[in-house]
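Analysis of the macromolecular model
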Amino acid sequence: MSDSLRSVNSEPEWAAFAAIDWGDQKNFWRLLPADSRKSEHGELENTPEAVEAWAAALYERFGGRPIALCLEQSRGALVYMLSKYAHLVLFPVHPTTAARYRETFCSSGAKDDPSDTESLLDLLMRHRERLRPLQPDTTPTRLLQFLVEERRTLVDDKTRQGNRLTSCLKLYFPQLLHWFGDVGGPLVGALLARWPSLEELQHSHPGTLRKFFHEQNCRGEEKIEARITAIYQAMPATKDEAVREGAAAIARGLVEVLATLRQNIAELDQRIADVVATHPEAALFDSLPGAGKALVPRLIVAFGTRRERFADAGEMQRYSGIAPVKVASGKSVQVHFRRACPKFLRQTFHEFALHSIGQSEWANAYYRHLRDDEKKHHHAAVRSLAYKWIRIIFRCWKDGKPYDEQIYLRSLRRRGSLLGAVA
């Protein structure tokens, strides 16, 4: 039986069952002792001191015996506060699952915090075999999770601010969009910080511009001369002083924001590299073709170090959202893209599969087969490739052995797979 459908008989002898509905200011709780049919309820302040007092009181009351505790978080302040208590076994529930379970027995849609805890407790009591108890991974792995997720957030912020800068430049200085490929990069940032407008840029001496480009590590002399010539030949996009001054002020602010984001991303990259360098799973995931320094830490986080976390590759394929959803009703059968999943995790496998196409012989052949022979569109083909990769990586992960492309190609040939003919 899989970890997510374990037998209730294998559980500890629970002293009590509890549920907490998290709130920004207060947490509402409901408790049912194992030897009672009457539940208790109350509230506690959302502070470490209040949670400590509540957890300590339960420890004293039930002699340190285990208590099953259901809550609508797998991460967050309350989870981190409660996870340090050994007598509290946390059963996180996805908010959508909790909401739909509550709606099943309350079709009117009525909702309040005390009734939420009653619904969560009922879910814990009746369907505990379908819930997965929270078992935190190692400290380095959880640290990596924080770092790589924050890095993705900062990269998305950088993209967003770069798009804002692009829109701003279109108003008064659109030539920069043609002269430089990345307006959110340090070169354009340094240029705008020194010359916020085309007119100011054109007043500079050619030698000054040439020196500036050299200082910014621009080494192509022909490209430098072409840019300088283009600068002096350019025409202002507008003569409206309000637009020029206002847009230039906005551009300067966005340049500063982008510089800060680049610095923050660089610092995170260094810290991630330091953690990966000493992580026990690093060599395994570094062996994957196309992983690279950005995806190795994300793949470490995706699988973690606890081999018992997933019973088979299918669990990971479904949990990550890479596996499609089949909907059957009568004679109708449809296959849909899986939307209910951790989006960052699905993105990790999708990006890895995409990068592997240029580094793995069989991955490239499989992708080309899906595109050319089965006429799948690009993203569907990449997801199908990711589906295969999860099964392969899962086997390596379970065995604790790095991936070897040649071993896998020989295996494909032995099975008579067309993909084995690529070598």
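Residues numbered from 1 in each chain as written. Predicted model: local features only at pLDDT ≥ 70, side-chain atom pairs only at ≥ 80, totals over all residues. Heavy atoms only, no water.

Considering the overall build of the protein
Summing up its helical and strand segments, the protein has 18 helices and 7 strands in all. Against the compact-globule benchmark of 22 Å for 423 residues, the protein has a radius of gyration of 28 Å, which places it well outside the compact range. With the principal axes as the frame, the protein shows a C-alpha extent of 85 × 60 × 50 Å. The contacts of the protein with a sequence gap of at least 6 include a subset with a gap of at least 24, amounting to 61%. For the protein, the computed accessible surface area is about 22,800 Å², with 52% contributed by carbon and sulfur atoms. The distance from the centre of the 60 positive side-chain charges to the centre of the 52 negative ones in the protein is 7 Å. (Helix = DSSP H or I, 4+ residues; strand = E, 2+ residues; numbered from the N terminus. Rg over C-alpha atoms; globule rule 2.2 N^0.38 Å. Contact = heavy atoms within 4.5 Å. Areas by Shrake-Rupley, 256 points an atom, 1.4 Å probe, with all protein chains shown as cover. Lys, Arg positive; Asp, Glu negative; His and termini not counted. Charge placed at Lys NZ, Arg CZ, Asp CG, Glu CD.)

Some words on the environment of Asp157
Its place among the elements puts Asp157 in helix 5 (residues 139–172). Separated by 104 residues in sequence, Asp157 and Leu261 have C-alpha atoms that sit 7.8 Å apart.

Details of a positive patch on the surface
Among the surface-exposed residues, Arg391, Arg410, Arg413, Arg414 and Arg415 lie close enough to one another that they form a single positively charged patch. Counting residues per element, the positive patch draws most heavily on helix 18 (residues 405–414), at 3 residues. Mapping Arg410 onto the fold places it in helix 18. For Arg410, a relative accessible area of 43% corresponds to the partly exposed category. (Patch = residues over 30% accessible without salt bridge, like charges linked within 9 Å, V, L, I, M, F, W, Y side chains within 5 Å. Salt bridge = Lys/Arg side-chain N within 4 Å of Asp/Glu carboxyl O. Buried < 20%, exposed > 50% of the residue type's maximum accessible area, 1.4 Å probe, protein only.)

Quick notes on the packing of aromatic side chains
Scanning all chains against the criterion turns up 19 aromatic pairs. Between Trp14 and Phe17, the aromatic rings sit 6.4 Å apart at their centres with planes inclined by 55 degrees, giving tilted as the arrangement. Considered together, Trp14 and Phe17 belong to a single accessibility category, that of buried residues. Taking 5.9 Å as the distance between ring centres and 65 degrees as the angle between the ring planes, the aromatic pair formed by Tyr172 and Phe173 counts as edge-to-face. (Phe/Tyr/Trp six-rings, centres within 6.5 Å; stacked < 30°, edge-to-face > 60°.)

Considerations on the environment of Glu225
Structurally, the position occupied by Glu225 is in helix 10 (residues 221–233). Overall, Glu225 belongs to the partly exposed group, its relative accessible area being 33%. Each C-alpha atom of the pair Glu225 and Gly314 lies 57 Å from the other, and the pair is 89 residues apart in sequence.

Some details on the sheet that holds strand 1 (residues 16–21)
Ordered in space as 3-2-1-4-5, the 5 strands form an open sheet in which the pairing is mixed. The outermost strands of the open sheet, each flanked by one partner alone, are strand 3 (40–45) and strand 5 (88–92). Strand-to-strand twist of the sheet, defined as the mean angle between neighbouring strand axes without regard to direction, takes the value 25 degrees. Taken together, the 5 bridges between strand 1 and strand 4 (residues 67–71) define a ladder with parallel strand orientation. The residue of strand 4 that forms the bridge with Ile20 is Leu71. Helix-sheet contacts for helix 1 (residues 48–61) involve strand 1, strand 2 (26–33), strand 3, strand 4 and strand 5, and the interaxial angle to strand 3 is about 145 degrees. (Pairing = 2+ DSSP bridges. Axes fitted to C-alpha atoms, helices over the stretch in contact; angles between N-to-C directions.)

Things to note about the nonpolar core
In this structure, Phe285, Leu288, Phe303, Phe349, Trp362 and Trp389 are the most contacted members of the largest nonpolar core, which totals 52 residues. Among the elements that make up this core, the one with the highest residue count is helix 17 (residues 378–399) (11 residues). In this structure, Trp179, Val183, Leu209 and Ile228 belong to the second largest nonpolar core, which totals 30 residues. (Core = buried A, V, L, I, M, F, W, Y, C linked by side-chain atoms within 4.5 Å.)

Section: the pairing of strand 2
Strand 2 sits mainly inside the fold: 7 of its 8 residues count as buried. Where strand 1 meets strand 2, 6 bridges bridge the pair, whose relative direction is antiparallel. Its bridge partner lying in strand 2, Ala16 is registered against Pro33. Bridge count between strand 2 and strand 3: 6 bridges; the pairing is antiparallel.

Some words on helix 1
Structurally, the α-helix is built with 3.6 residues per turn, so residues lying three or four positions apart point the same way. In this model helix 1 runs 20 Å from its N-terminal to its C-terminal C-alpha over 14 residues, within 8% of the 20 Å that 1.5 Å per residue would give. Looking at helix 1, one finds that the buried residues are Ala50, Val51, Trp54, Ala55 and Leu58. End-on, the buried residues of helix 1 take up no more than an arc of 130 degrees, which puts them together on one face. Opposite the packed face of helix 1, turned more than 90 degrees from it, sit the exposed residues Pro48, Glu49 and Glu60. (Expected span 1.5 Å × (residues − 1). Arc of directions from axis to C-beta.)

Side note on the pattern of salt bridges
Across all of its chains, the model carries 19 salt bridges by this definition. The salt bridge partner of Asp269 is Arg151, with a shortest N-O separation of 2.4 Å. Residue Asp269 is located in helix 11 (residues 241–277), and its partner Arg151 is located in helix 5; the two are separated by 118 residues in the primary sequence. Residue Asp269 is classed as partly exposed on the basis of its relative accessible area, which comes to 32%. Residue class for Arg151 comes out partly exposed when judged on its relative accessible area of 24%.

Some details on the packing of helix 13 (residues 292–303) against helix 15 (residues 343–356)
At a minimum axis distance of 10 Å, the contact between helix 13 and helix 15 shows a crossing angle of 135 degrees. In terms of axis orientation, helix 13 runs oblique to helix 15. In this structure, helix 13 meets helix 15 at a crossing whose hand is left-handed. Contacts between helix 13 and helix 15 involve Leu295, Arg298, Leu299, Ala302 and Phe303 from the first element and Phe344, Leu345, Gln347, Thr348, Phe349, Glu351, Phe352 and His355 from the second. (Parallel < 35°, antiparallel > 145°, perpendicular 65-115°, else oblique. Left-handed = near helix turned anticlockwise from the far one by under 90°.)

A few points about the side chain of Gln175
Turning to its location among the elements, Gln175 is positioned in helix 6 (residues 175–179). In contact with Gln175, not counting residues within four places along its chain, are Leu198, Ala234 and Met235.

Here's the deal with the environment of Asn27
In this fold, Asn27 is placed in strand 2. The exposure class assigned to Asn27 is buried, which follows from its relative accessible area of 0%. Here the alpha-carbon distance between Asn27 and Thr141, two residues 114 residues apart in the chain, equals 29 Å. Beyond its immediate sequence surroundings of up to four residues, Asn27 is in contact with Ile20, Asp21, Trp22, Gly42, Glu43, Leu44, Glu45, Asn46, Val51 and Leu78. A distance of 3.4 Å separates the side chain of Asn27 from the side chain of Asn46, its partner in a polar contact. (Polar contact = N/O pair within 3.5 Å; in protein donor to acceptor, adjacent residues only side chain to side chain.)

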